[in-house]
Amino acid sequence: QFFTGSRLMELNIDARTRSKIRKKFEKKEVTENVFDAAQKEIYDLMKNDSFKRFKKSRLCLRFVRAITKRQQEQLAAKDKEEAESLHEGQKTSIDKRQVDKDGSHTKKASYGVS
């Protein structure tokens, strides 16, 4: 159906390649690599034309902007979380005095991250 000439589902490949494929089917000489030439043509077309146009399309540009914005928001949230964690670590590392059973302060102990 992709090689019959029907414009609705026809592949955009060279007429020679299409003819060679059609003849192989007609002669029942179909091998595992019957579509290799067509595959290369389609790949090259996508690489050199379709994909380049897609990357410039409004849809793609909106998607890239959305992903970039989301990544920036995630990085900002992570930075904020790390800053808050560091701030909490500084609070808990303030030297505190240990108290003996009798209530006297005998030595310093440091708690938390140093």
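As the structure is a computational prediction, the values presented were derived from the model and not from experiment.

What exactly am I supposed to notice about the overall build of the chain here?
Across its full length, the chain carries three helices and two strands. Taken from the N to the C terminus, the helices and strands of the chain come in the order α-α-α-β-β. Within the span of the chain, comprising 114 residues, buried residues form 10% of the whole. In the chain, the share of contacts with a sequence separation of at least 24, taken over all contacts with a separation of at least 6, comes to 15%. Carbon and sulfur atoms form 54% of the exposed surface of the chain, whose accessible area is close to 10,300 Å².

It is not clear to me how the pattern of salt bridges should be interpreted in this structure. Could you clarify?
Side chains that differ in sign of charge can pair as their charged atoms come close. Overall, the coordinates contain three salt bridges when judged by the stated rule. In this structure, Lys40 engages Asp44 in a salt bridge whose closest nitrogen and oxygen atoms are separated by 2.8 Å. Here the residue Lys40 and the residue Asp44 both occupy positions in helix α2 (residues 36-56), the gap between them amounting to four residues, near one helical turn. The class of Lys40 is exposed, set by a relative accessible area of 52%. Arg53 is paired through a salt bridge with Asp49; the nearest N and O atoms lie 2.8 Å apart. In this pair, Arg53 and Asp49 both sit in helix α2, four residues apart, roughly one turn of the helix.

How should I be thinking about unusual backbone geometry in this particular structure?
Negative phi values dominate among residues other than glycine, just as trans dominates among peptide bonds. Positive phi values are uncommon outside glycine, yet Lys28 reaches one of about 60°. Secondary-structure assignment places Lys28 in the loop between α1 (15-26) and α2.

Is there a simple way to explain a nonpolar patch on the surface in this structure?
A cluster of nonpolar side chains, contributed by Phe25, Val30 and Phe35, occupies part of the molecular surface with about 260 Å² of accessible area. Tracing the backbone through its elements, the reader meets Phe25 in helix α1. For Phe25, a relative accessible area of 42% corresponds to the partly exposed category.

What counts and what doesn't
Residues numbered from 1 in each chain as written. Predicted model: local features only at pLDDT ≥ 70, side-chain atom pairs only at ≥ 80, totals over all residues. Heavy atoms only, no water. Helix = DSSP H or I, 4+ residues; strand = E, 2+ residues; numbered from the N terminus. Buried < 20%, exposed > 50% of the residue type's maximum accessible area, 1.4 Å probe, protein only. Contact = heavy atoms within 4.5 Å. Areas by Shrake-Rupley, 256 points an atom, 1.4 Å probe, with all protein chains shown as cover. Salt bridge = Lys/Arg side-chain N within 4 Å of Asp/Glu carboxyl O. Patch = residues over 30% accessible without salt bridge, like charges linked within 9 Å, V, L, I, M, F, W, Y side chains within 5 Å.

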